Amino acid sequence: MSAFGFTLTARDGAARRGTLTTAHGTAQTPAFMAVGTAGTVKAMTADQVRATGTEIVLGNTYHLMLRPGSSRVAALGGLHRMMDWPGIILTDSGGFQVMSLAKLRKLDEIGVTFRSHLDGSAHHLTPESSTAIQHDLDATITMAFDECTKFPATADEAAASMRLSMRWAARSRDAFTPRPGYGQFGIVQGGIYPDLRAESAAALTAIGFEGYAIGGLAVGEGQAAMFETLDATTHLLPATHPRYLMGVGTPDDLLGSIARGVDMFDCVMPTRAGRTGRAYTSRGVFNLRNARFADDPAPLDPGCACTLCTRHSRAYLHHLFRCEEMLGPMLLTGHNLTYYQTLMRGARDAIETGGFAAYAATAREGWTQTDDR
């Protein structure tokens, strides 16, 4: 079984090209990870997810602990076997979901007591129990339990939240069971305050993790503030370890973050958009429900090799969404994930040749060249 490791193979400015090695295979970085909240990437089979070029899938600790329950997943052979994904699986800690349940939770030093959004039943989540649940799920990459700092937050609020998360990070690390090829990532918090981000990064590197995530962004602060925070944060994290920006984002967010030294991303955006008729393409974002596509015989994105773009027209996809046929979300979700993975593959190639800035500029120019909105 392979040891958990990260190898940098090229750099272009702050942008990095690397290989992540785990017990469940390898992944090339920069990498976009598909979100499989309840043990499935919505509207897609595992084979279809693989066909997009996706190498890492996420599972959601909060949702899976409530249904079907982590002990049941473990009894069924773990999340890899249950969802037919033998590759890398990263599980979040539940911290973000608990934050979103502000009216249903009570937070203290020990952890969080909250009520299920499904049936109102009471649950208690701590660094120790979150880590144990992720172990039951057989996550390749376990995330430390943290409090995702709200936005906006004052400096004092962000500091108190971050320092609680750092104490929880130490407890998460103590609770983690080391195994060959498995890893745990700590999560940098601190809002949009550079001094707090630096304090958090120092605390996590002192604990020592296999990778480091940057949390608490893409929560309403805007792209400019997010990029400023990344500028102040990524260089403080070990260059020898993977860096993961949580919950981000648009194609433009991804390119800007890669330029700032981020290696891994996840976001529901491409799959959620695929279920609502929004397409990400090399020519910008299309709303396929728009009547202008009703008679359009062109492929959605002529340069894309996905099933939708090689076999169907914009008019057909428009028809599927207007009729509320489930094939529409299935095809468009596959396309959106394929586009994201194509963007990442192009970024990796560009970093290897020292042309990342030109690659990003060309991609951005393409997004402005269409009026098919």
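Whatever comes next refers back to the structure up there.
Report follows, based on the coordinates.

Let's talk about empty space enclosed by the protein
Next up, step 1: Applying the stated criterion across every chain yields a total of 2 cavities of 30 Å³ or more.
Next up, step 2: Looking at the lining of the largest cavity, its residues break down into 4 nonpolar, 4 polar and 2 charged.

With respect to the sheet that holds strand S8 (residues 112-115)
Next up, step 1: In spatial order, the strands read S7-S8-S9; together these 3 strands make up an open sheet with antiparallel pairing. A strand with exactly one partner marks an edge of an open sheet, and here the two such strands are strand S7 (105-107) and strand S9 (122-125). Each strand of the sheet is rotated relative to its neighbour by a mean of 15 degrees, with strand direction disregarded.
Next up, step 2: With 3 bridges joining them, S7 and S8 adopt antiparallel strand pairing.

Here's the deal with the packing of aromatic side chains
The geometry of an aromatic ring pair is captured by two quantities: the separation of the ring centres and the angle between the planes.
Next up, step 1: One pass over the structure, following the stated rule, counts 8 aromatic pairs.
Next up, step 2: Each ring, one from tyrosine 280 and one from tyrosine 340, has its centre 5.6 Å from the other, and the planes form 85 degrees; the classification is edge-to-face. Taken together, the residues tyrosine 280 in strand S15 (residues 278-281) and tyrosine 340 in helix H14 (residues 327-353) connect sequence positions 60 residues apart. Tyrosine 340 shares its class with tyrosine 280; the two are buried.
Next up, step 3: Ring pairs connect the aromatic residues Phe32, Tyr280 and Tyr340, which therefore count as one cluster.
Next up, step 4: Over the ring of tyrosine 182 we find arginine 179; its NZ or CZ atom is 4.2 Å from the centre of that ring.
Next up, step 5: In this structure, arginine 260 is placed above the aromatic ring of phenylalanine 227, and the distance from its NZ or CZ to the ring centre is 4.1 Å.

What about the pattern of salt bridges?
Next up, step 1: Counted according to the given criterion, the structure contains 13 salt bridges.
Next up, step 2: Arginine 364 is the salt-bridge partner of aspartate 252, the closest N and O atoms lying 2.5 Å from each other. Placement of aspartate 252 in helix H10 (residues 251-258) and of arginine 364 in helix H15 (residues 356-367) is noted, with a sequence separation of 112 residues between them.
Next up, step 3: Its relative accessible area of 31% is what places arginine 364 among the partly exposed residues.
Next up, step 4: One salt-bridge network, held together by shared partners, links Asp47, Arg50 and Asp84.

Describing the packing of helix H9 (residues 223-233) against H10
Next up, step 1: It is the contact of H9 with H10, at a shortest axis distance of 10 Å, that shows an interaxial angle of 20 degrees. If you check the angle between H9 and H10, you find them roughly parallel. In the packing of H9 onto H10, the handedness of the crossing is right-handed. Contact residues: Gln223, Met226, Phe227 and Leu230 in H9; Asp252, Asp253, Gly256 and Ser257 in H10.

Observations concerning the layout of surface pockets
Gaps left between atoms show up when a probe the size of a water molecule is rolled over them.
Next up, step 1: Approximately 880 Å³ is the volume found for the largest pocket.
Next up, step 2: As for the largest pocket, its lining consists of 41 residues, of which Phe96, Gln97, Gly247, Asp266 and Val268 are closest to the centre.
Next up, step 3: Put simply, the parts of the chain that give the lining of the largest pocket at least two residues each are strand S5 (56-59), helix H5 (95-100), H9 and helix H11 (269-276).
Next up, step 4: It is H11 that provides the largest number of residues to the lining of the largest pocket, a total of 4 residues.
Next up, step 5: Residues that form the lining of the largest pocket fall into these classes: 14 nonpolar, 19 polar and 8 charged.
Next up, step 6: Computed from the structure, the second largest pocket encloses a volume of approximately 290 Å³.
Next up, step 7: What lines the second largest pocket is a set of 16 residues, among which Met44, Gln48, Cys306, Thr307 and Gly334 lie closest to the centre.
Next up, step 8: Mapped by element, the contributors of at least two residues to the lining of the second largest pocket are helix H1 (46-51), helix H12 (307-311) and H14.
Next up, step 9: Looking at the lining of the second largest pocket, the element that brings in the most residues is H14, giving 7 residues.

What counts as what
- Residues numbered from 1 in each chain as written.
- Predicted model: local features only at pLDDT ≥ 70, side-chain atom pairs only at ≥ 80, totals over all residues.
- Heavy atoms only, no water.
- 1 Å grid on protein atoms, 1.4 Å probe; cavity = no way out; pocket = protein on both sides within 12 Å on 5 of 7 lines; lining within 4 Å.
- Points joined across faces, edges and corners; volume = space filled by probe spheres on them.
- Nonpolar A, V, L, I, M, F, W, Y, C, P; charged D, E, K, R; others polar.
- Pairing = 2+ DSSP bridges.
- Helix = DSSP H or I, 4+ residues; strand = E, 2+ residues; numbered from the N terminus.
- Axes fitted to C-alpha atoms, helices over the stretch in contact; angles between N-to-C directions.
- Phe/Tyr/Trp six-rings, centres within 6.5 Å; stacked < 30°, edge-to-face > 60°.
- Buried < 20%, exposed > 50% of the residue type's maximum accessible area, 1.4 Å probe, protein only.
- Lys NZ or Arg CZ within 6 Å of the ring centre and 35° of its normal.
- Salt bridge = Lys/Arg side-chain N within 4 Å of Asp/Glu carboxyl O.
- Parallel < 35°, antiparallel > 145°, perpendicular 65-115°, else oblique.
- Left-handed = near helix turned anticlockwise from the far one by under 90°.
- Contact = heavy atoms within 4.5 Å.

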